[in-house]
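# Residue-level structural notes
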Amino acid sequence: MLWIAYKVTLHLNLSFINTPYDITSIDVNLSNITVTSNTIEIPVTIDTKGVALGGVQFQFDYDPTKIQFEELASTLPNSWYIFANAKEGKVKFGALEQNSKIGTTGVLTPFKLKFSTIGNGVDIFTSVKVSSTMDASSVNGTQLGINLNKTQIKLTGYNNF
């Protein structure tokens, strides 16, 4: 009996939100928001780093006693299927390229989540937390890692309206 030994090296990249494996990744950037009215718009910026993005999904958690989800606005082309579902302080949203041939590349802001404050916006002090329930794939269906710049978006009221 002949035994052949193989050396297997596993590279862990724990900065990826959705996978511990060292795979091609995209960057997702979020910013803190100063609330100056009773409406809040949170942009989600993605840098595909040259990869043809074919699908992406996220879940954000929020305090439903302080803010309520209103809608998801998207700048993606009509060939994308856009979805959003909000329930009990969680909003799940994303998009899937239906043609599965072209995808989207570059730095883009494909989503803007719109919330409104419950009560006066100047009194708001809360946050929106990014859940680890997220995924991204290239146009050919290969899973992509997600480098997220922050996991919490602080919302602070500013007495200027």
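About the criteria used
Residues numbered from 1 in each chain as written. Predicted model: local features only at pLDDT ≥ 70, side-chain atom pairs only at ≥ 80, totals over all residues. Heavy atoms only, no water. Phe/Tyr/Trp six-rings, centres within 6.5 Å; stacked < 30°, edge-to-face > 60°. Helix = DSSP H or I, 4+ residues; strand = E, 2+ residues; numbered from the N terminus. Buried < 20%, exposed > 50% of the residue type's maximum accessible area, 1.4 Å probe, protein only. pLDDT = per-residue confidence, 0-100. Contact = heavy atoms within 4.5 Å.

What the rule picks out here adds up to eight aromatic pairs. On the numbers, 5.1 Å between centres and 90° between planes, the contact of phenylalanine 60 with phenylalanine 93 is edge-to-face. Linking phenylalanine 60 in strand 4 (residues 53–62) with phenylalanine 93 in strand 7 (residues 90–97), this pair joins segments that are 33 residues apart in sequence. Take phenylalanine 93: its relative accessible area is 1%, and that puts it in the buried class. These aromatic residues form a ring-pair network of at least three members: Phe58, Phe60, Phe93 and Phe111.

Glancing now at the confidence of the model for the protein chain. Here the protein chain shows a mean pLDDT of 82. Residues at 70 or above account for 81%. Note that pLDDT drops below 50 for residues 1–14; the model gives that stretch nine contacts with residues more than four away or on any other chain.

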